[in-house]
Amino acid sequence: MNMTDYIINPSWFYWLSVTETVKIVMFVVFVCLLVPCIVMWLFLLLDWDGDEDDIRMLKILTMLSVLAAVTGTAAIFIPSRNTLIEMQIARLATPENAAWSVDKLKEAVDYIVEAVKAVK
């Protein structure tokens, strides 16, 4: 049986768990960057002299703030486990699949009826 024979690729369940972990890691990194950035921005703004150290600190804080914004955005937009499951169901819930299911159900009922008739 090829991987294309599966309705749902089994590796999808692995990636489902990986994305959930990545989402959590992104959120933790975001919080770990956000708190120091806020504190350091306050110290920098309250003690701004405009010297080389302040300029260097401004560059570092800007870079850390951008990194915090990127990880926070990633934490927001990486879909949750439930969302990924809902997306997979929506992808598979097509009129063709519903018709196929009804046809298979009818075949099963016909088979049961024929089997019961054969027993009598």
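The rules behind the values
- Residues numbered from 1 in each chain as written.
- Predicted model: local features only at pLDDT ≥ 70, side-chain atom pairs only at ≥ 80, totals over all residues.
- Heavy atoms only, no water.
- Helix = DSSP H or I, 4+ residues; strand = E, 2+ residues; numbered from the N terminus.
- Rg over C-alpha atoms; globule rule 2.2 N^0.38 Å.
- Buried < 20%, exposed > 50% of the residue type's maximum accessible area, 1.4 Å probe, protein only.
- Contact = heavy atoms within 4.5 Å.
- Areas by Shrake-Rupley, 256 points an atom, 1.4 Å probe, with all protein chains shown as cover.
- Lys, Arg positive; Asp, Glu negative; His and termini not counted.
- Charge placed at Lys NZ, Arg CZ, Asp CG, Glu CD.
- pLDDT = per-residue confidence, 0-100.
- Axes fitted to C-alpha atoms, helices over the stretch in contact; angles between N-to-C directions.
- Parallel < 35°, antiparallel > 145°, perpendicular 65-115°, else oblique.
- Left-handed = near helix turned anticlockwise from the far one by under 90°.
- Nonpolar A, V, L, I, M, F, W, Y, C, P; charged D, E, K, R; others polar.

**Student:** Where do I start with the overall build of the chain in this structure?
**Tutor:** Helix and strand counts for the chain come out as four helices and zero strands. For the chain, the succession of helices and strands along the chain, N to C, is α-α-α-α. Computed over its C-alpha atoms, the radius of gyration of the chain comes to 28 Å, more than 25% above the 14 Å expected for a compact globule of 120 residues. Overall size of the chain, expressed as C-alpha extent along the three principal axes, is 100 × 25 × 20 Å. With 120 residues in all, the chain has 11% of them scored as buried. Partitioning the intrachain contacts of the chain with sequence separation of at least 6 by distance along the chain shows that 72% fall at a separation of at least 24. Counting only carbon and sulfur atoms, one obtains 71% of the accessible surface of the chain, whose full area is about 9,500 Å². Positive and negative charge centroids in the chain, built from 9 and 14 side chains respectively, lie 16 Å apart.

**Student:** Would you explain the confidence of the model for the chain in this entry?
**Tutor:** Detailed reading of the predicted coordinates is not advisable wherever pLDDT is low. Residue-level pLDDT values for the chain average 84, and 92% of them are 70 or greater. Confidence, read as mean pLDDT per element, is least for helix H4 (residues 95–119) in the chain (74) and greatest for helix H2 (residues 52–77) (94).

**Student:** Would you explain the packing of helix H1 (residues 11–46) against H2 in this entry?
**Tutor:** The geometry of a pair of packed helices is captured by two quantities: the angle between their axes and the separation between those axes. Here H1 crosses H2 at 150 degrees, and the two axes come no closer than 8 Å. It follows that H1 is roughly antiparallel to H2 by the angle criterion. Crossing of H1 against H2: the hand is left-handed. Looking at side-chain class alone, the contact of H1 with H2 contains 19 nonpolar, four polar and two charged residues.

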